[in-house]
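Structural overview
Listed below are the residues making up each chain.
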Amino acid sequence: MSALWSDHVADLLPYVPGEQAGIPNLLKLNTNEHPYGPSPEAIAAIRQAANDSLRLYPDYQARALRQVIAARHGLTPDQVFLGNGSDEILAHAFDALFLREGRPLLMPDITYSFYQTYCRMYRVPHVCIPLADDFTMRVADYTDWSGPAPAGIIFAHPNAPTGRALELDDIAAIARAHPDTAVVVDEAYVDFGAQSAVSLLGEFDNLLVIHTLSKSRSLAGLRVGFAMGDTALIEALTRIKDSFNSYPVDSLAQAGARAALLDDDYFEMTRHAVMSSRENLARELKALGFEVLPSRANFVFARHPAHDAVDILARVRKQGILLRHFRQPRIDQFLRITVGTPADCERLCQCLGQIVSKSH
Ligand SMILES: *Cc1c(COP(=O)(O)O)cnc(C)c1O
C-alpha cells in the first residue's frame, strides 16, 4: 500500500500463477505446460525471424498469422483477433463486452480463477452459478436464467480446473437463449479431446471462442492467443487493443506461431501422446484409491478420500514434484495434476504410492 497509488489498486486481487520453482530435479506438474517441446518448425521460424528486421515494429495487424488461423478454421481474417497470450484477450473481452449498464456477467462458481481477477479489475458485476455435484455445468441454469439480462457469459471449455467438457449442443443452447449477450468460450484445452465451438460461429454472432498456443502447441513462453468470432465482436476487441498497445504480438511470436500452426504432424503426434498419457495416469491414480474426474484436458483433477490434499501437496513437493491446489470451497480436497510424459507420470505415481500406503 502506498499513498502514491491510484485509488483502485489497493482493491485488486491479482491472479496467482502456479509456482516456477528452482528446485533440483524438479517435475513441474502445476501449470499445465506441455511435456514435449514446441514444433521444431516453430523454433526454426523464430531463429530465422531473429534478424535485422527486429528494428522495425511488427505488423500490428499480424496479417500472415491471422490468415493462417482463419484458413484453418474456415473463417475470414477479420473474424480473428490476436493477443499476447489468451489472458490478455480475456482481459480485453471483459473491458470490451461485459460492461453494459450494470448487467451481470454469468460464470460457473468453479472455473478459471483469472475471471474473478478481471471482474475486480474492470468492476464487472457478476453472478457465479454453482456447478452440479459432479462438477459439470448445468446448462439449464444458463438457458433458463430468470435474473436480469446478462451482459455476458464466460466459461472455460473444457472447464478448468475440473477438466470436464460440454457437448456442442449445450453451448449452442446457451448462445441461442441469449442472443443479446456475448458468450465467451475459453478453449485453452480444447485440443486435448473436446469438440471446439468454432463450428458454431456461422450460426451465432454472439459467440467468441478463444484459443491459446500455450497448452496444446507447447508455446507458453511465446505468449500467443487468438479469439474467433463475428466481426463486430472482433472490432470491439481491436478498439480496446489499439487504445492500449497496438503491438501485443511481437515479430518473433508471429513467425513462431504461424509455423507451429502449420505443423500438423507434430501437433497430432504430441497431443495424442498427452491424451494417451492422461488415460494411463487416471487409471494409475484410481488404482491408488484416488477419485479422478473424467478429463478432456492435459491435466486431471483428483482427490483421495483418506488423505488431505494439502498434505499430499507438501509431501510430493519434498520429492521435487509440483502440483496445483486451490483453496476454494468444494475443491479444496482436490489436486490438479498436469499430464507429463509416461516417465513423469510414473515418477509421480511412485511417490503418491508411498504416501497413500504409509499411513494405512
Ligand atoms: C492457461 C489458460 C489460459 C491462458 O493462456 P495464455 O494464452 O498462456 O495466456 C486461459 N484460460 C485458461 C482456462 C487456461 O487454463
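Scroll up a little and you will see the structure.
What comes next concerns the included structure. (Residues numbered from 1 in each chain as written. Predicted model: local features only at pLDDT ≥ 70, side-chain atom pairs only at ≥ 80, totals over all residues. Heavy atoms only, no water.)

What about a nonpolar patch on the surface?
A surface patch of nonpolar side chains, amounting to about 460 Å² of accessible area, comprises Met1, Leu4 and Trp5. For Met1, a relative accessible area of 84% translates into the label exposed. (Patch = residues over 30% accessible without salt bridge, like charges linked within 9 Å, V, L, I, M, F, W, Y side chains within 5 Å. Areas by Shrake-Rupley, 256 points an atom, 1.4 Å probe, with all protein chains shown as cover. Salt bridge = Lys/Arg side-chain N within 4 Å of Asp/Glu carboxyl O. Buried < 20%, exposed > 50% of the residue type's maximum accessible area, 1.4 Å probe, protein only.)

Side note on the packing of helix 2 (residues 63-73) against helix 8 (residues 251-262)
In the contact formed by helix 2 and helix 8, the axes pass within 9 Å of each other and the chain directions differ by 20 degrees. Taken as axis vectors, helix 2 and helix 8 run roughly parallel relative to one another. Taken as a pair, helix 2 and helix 8 cross one another with a handedness that is left-handed. Across from Ala64, Leu65, Val68, Ile69 and Arg72 in helix 2, the residues of helix 8 making contact are Gln254, Ala257, Arg258, Leu261 and Leu262. A class-by-class count of the residues in the contact of helix 2 with helix 8 yields seven nonpolar, one polar and two charged. (Axes fitted to C-alpha atoms, helices over the stretch in contact; angles between N-to-C directions. Helix = DSSP H or I, 4+ residues; strand = E, 2+ residues; numbered from the N terminus. Parallel < 35°, antiparallel > 145°, perpendicular 65-115°, else oblique. Left-handed = near helix turned anticlockwise from the far one by under 90°. Contact = heavy atoms within 4.5 Å. Nonpolar A, V, L, I, M, F, W, Y, C, P; charged D, E, K, R; others polar.)

Here we look at the packing of aromatic side chains
With the rule as written, the count across this model stands at 12 aromatic pairs. For the pair Phe94 and Tyr118, a centre-to-centre distance of 5.4 Å together with 50 degrees between the ring planes defines the contact as tilted. Of the two residues, Phe94 sits in helix 3 (residues 86-97) while Tyr118 sits in helix 4 (residues 114-122), which places them 24 residues apart along the sequence. Per residue, the accessibility class of Phe94 equals that of Tyr118, and both read buried. Relative to Phe334, the ring of Phe301 lies with its centre 4.6 Å away and its plane at 10 degrees, an arrangement referred to as stacked. Taken together, the positions of Phe301 in strand 10 (residues 299-303) and Phe334 in the loop between strand 11 (321-322) and strand 12 (335-338) put the pair 33 residues apart, joining distant regions of the chain. Comparing Phe301 with Phe334, the two get one shared label, buried. Through successive ring pairs, a cluster of aromatic residues spans Tyr15, Phe94, Phe98, Tyr112, Phe114, Tyr115 and Tyr118. (Phe/Tyr/Trp six-rings, centres within 6.5 Å; stacked < 30°, edge-to-face > 60°.)

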